[in-house]
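Below are the chains, spelled out letter by letter.
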There are 2 protein chains.
Amino acid sequence: MQHPHQHPSPLKGVVAPVITPFDEALDPDPVRFAEICAWLLRSGCTGLAPFGTTSEANSLSTQERIDLLEAAVKAGVDASRLVPGTGCCSVTETALLSRHAMETGCAGVMTLPPFYYKGASDEGLYRYFASLIERVGDARLKIYLYHIPPIAQVPLSHELVTRLVGDFPEVVVGLKDSSGDWHYTEGLLGKLPGFGAFFGSEERLLATLNAGGAGCISATANVNAAGIRAVWDAWGTPRADSLQASASAVRRAIAHHPLIPAVKYLLAHYLRDPGLVRVRPPLTAFSEEKGRALVETLERDCAFGLEEALS
Amino acid sequence: MQHPHQHPSPLKGVVAPVITPFDEALDPDPVRFAEICAWLLRSGCTGLAPFGTTSEANSLSTQERIDLLEAAVKAGVDASRLVPGTGCCSVTETALLSRHAMETGCAGVMTLPPFYYKGASDEGLYRYFASLIERVGDARLKIYLYHIPPIAQVPLSHELVTRLVGDFPEVVVGLKDSSGDWHYTEGLLGKLPGFGAFFGSEERLLATLNAGGAGCISATANVNAAGIRAVWDAWGTPRADSLQASASAVRRAIAHHPLIPAVKYLLAHYLRDPGLVRVRPPLTAFSEEKGRALVETLERDCAFGLEEALS
């Protein structure tokens, strides 16, 4: 039986997996990245998870991730609100990035399982995370496990998660559930009350909070931080349900499309920065035609607007 | 219409994706690695593909791969017989490793598609490889595409391969087919006569050669180099079929088990080097019990033996 306060999540609320801006040569743009991080925190995000799936993190080298994180923190972004993704296929690189994140003052790290080999056993995955914790060797380390079976194709079973939390209660403090399956988060919170679980979509933000979870980490928080933050702020008040319905409608309109190109198109459009549409291969950018139709749908059906621009 | 000699493969024959030896801390052992490379070339391999799936390459950092390759070449392993795996999820790291391999004098590189994002379009994958070739910027570059849908979960369509060969005939010279589906290699050689196609198992070595392909790159070449080499040498002679049958029987006995732990167990056993069983998580090592049963099966049913030891 776990105690609620054995796994204190330093992060709660509305978290955006920040998109990665690329220049014309498709190299990351650290200055623009820092500006977008600062803007998202001003816009309503309580925290940021740079280098997630939406960030195209696995299309970046370890050095590119290190350079981007350092640029953001040097530009004044509060590291204590950052939980960068650090999960690579090799424990060596995951340890390198995780140690760097903690040394930079980040609140924690978000960590994929090693995702090359499929059909890995719970025992093998346990050893991977145990070995990661040992290699990082930093008492400050806080890990959010990253469960995203549709893409990683390597799920994290409840048994694995509870074993890791049982053995490393000060380290394994939360999980991002991008399975799309609410029962996964609900069941996990039943086994680990108070665990720092984030659902991967704002559509279940109130449900997650009601179940004792921490919040949501969602691609669409890149473009609707204020709308999702309003749900978080209204939790427990009569307005919560209608705000949830509004945020969910925006999410559904966008998630109807490939999420990463769609989110990047919307940022490019509303921030008047056309280069933000760029993605690294193997992704391909949203077409202008699809983008315009999406903007029209959002503004017509969801009364969506993004008034603030990058400073 | 492709010309047979537009894509001259520098590599032919029997190629082992060399296993990676780990020390007690599960860090790679460059000295042992170089010894194993030299031993495999003496044992019958015509070439080596270090840093393949069997090598647990994606469980290594880019720096670990660089260090291992340099150690082998410095120890006297002929770089012109090496086609190291260089495929990471990021084009930046794949380009870094590919450039390093060519600068080290390797015959070419074996390159996975970016394997994190699933459902990538042919257009996105084309741009990835085109961007890789541009970033490497080395006229000596020779790429063997690595088609392994059961693990990477990102297949390379015939259309993509022929488009790449058409646009980069001097660079894209071959492919390793680890789909397990002979029709893939057979169909590809029908479209690209003389293409440097390697099937991922020696069970189709004669079939590949008869179809105009280049040979096999097979996990079990780590433990049966001589037996597979005998098939290659006998191609076109009356002895070929029975040698093929013998090599195939060994392959099937081993491939009945998880290949990487099984191959490492066999090397540890026959080379009298118990530490070779070690694998990095998320893989788990073969148990002594399963290993002994496998050795017994091989020696009883396949008259298998590995007489040579590491010098």
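Scroll up to find the structure.
The rules behind each value
Residues numbered from 1 in each chain as written. Chains lettered and ligands numbered in written order. Predicted model: local features only at pLDDT ≥ 70, side-chain atom pairs only at ≥ 80, totals over all residues. Heavy atoms only, no water. Salt bridge = Lys/Arg side-chain N within 4 Å of Asp/Glu carboxyl O. Helix = DSSP H or I, 4+ residues; strand = E, 2+ residues; numbered from the N terminus. Axes fitted to C-alpha atoms, helices over the stretch in contact; angles between N-to-C directions. Left-handed = near helix turned anticlockwise from the far one by under 90°. Contact = heavy atoms within 4.5 Å. Nonpolar A, V, L, I, M, F, W, Y, C, P; charged D, E, K, R; others polar. Expected span 1.5 Å × (residues − 1). Buried < 20%, exposed > 50% of the residue type's maximum accessible area, 1.4 Å probe, protein only. Buried area = accessible area lost by both parts, 1.4 Å probe. Polar contact = N/O pair within 3.5 Å; in protein donor to acceptor, adjacent residues only side chain to side chain.

A. Local environment of the pattern of salt bridges. Tallying each qualifying case throughout the model produces 30 salt bridges over all chains. Ionic pairing is found between Arg135 of chain A and Asp27 of chain B, a salt bridge with its closest N-O pair at 3.1 Å. On the criterion of chain membership, the pair formed by Arg135 of chain A in helix α4 (residues 122-136) and Asp27 of chain B in the loop between β1 (13-16) and α1 (30-43) is interchain, its members lying in two chains. Close ionic contact of Arg163 of chain B with Glu123 of chain B constitutes a salt bridge, the shortest N to O distance being 3.0 Å. Here the residue Arg163 of chain B occupies a position in helix α6 (residues 158-167), and Glu123 of chain B occupies one in helix α4 (residues 122-136), the gap between them amounting to 40 residues.

B. Examining the packing of α4 of chain A against helix α6 (residues 158-167) of chain A more closely. Residues and elements named next belong to chain A. Two elements in contact, α4 and α6, have axes whose closest approach is 10 Å; the angle formed by their N-to-C orientations is 35°. Where α4 crosses over α6, the handedness of that crossing is right-handed. When α4 is examined against α6, the residues Asp122, Glu123, Leu125, Tyr126 and Phe129 are found in contact with a partner set consisting of Glu159, Leu160, Arg163, Leu164 and Asp167. Taken together, the residues of the contact of α4 with α6 sort by class into five nonpolar, no polar and five charged.

C. Quick peek at helix α11 (residues 259-270) of chain A. All names here are of chain A. Relative to the 16 Å expected for 12 residues at 1.5 Å per residue, α11 spans 16 Å between its end C-alpha atoms, a close match to the ideal helical length. Within the sequence span of α11, burial applies to Ile260, Pro261, Ala262, Val263, Lys264, Tyr265, Leu266, Leu267, Ala268 and Tyr270. Contact partners of the buried residues in α11: α1 (30-43), α10 (240-255) and α12 (288-301). Phi turns positive one or two residues past the end of α11, at Arg272, with a value near 50°.

D. Expanded view of the interface of chain A and chain B. Residue-level contacts link 43 residues of chain A with 43 residues of chain B. For the pair chain A and chain B, the summed buried area comes to about 3200 Å², and 61% of that belongs to carbon and sulfur atoms. If you sort the residues of chain A by the area they bury against chain B, Tyr116, Tyr117 and Pro282 of chain A come out on top, with a joint share of 26%. At the boundary of chain A and chain B, one finds two salt bridges. Linking chain A with chain B are 22 residue pairs in polar contact (both at pLDDT 80 or more), by the criterion used here. At the level of secondary structure, the elements contributing two or more residues to the side of chain A that touches chain B comprise α2 (62-74), α3 (91-103), α4 and α5 (149-152) of chain A. Looking at the side of chain A that touches chain B element by element, the count peaks at six residues for α4 of chain A. The class makeup of the residues in the side of chain A that touches chain B is 23 nonpolar, 11 polar and nine charged.

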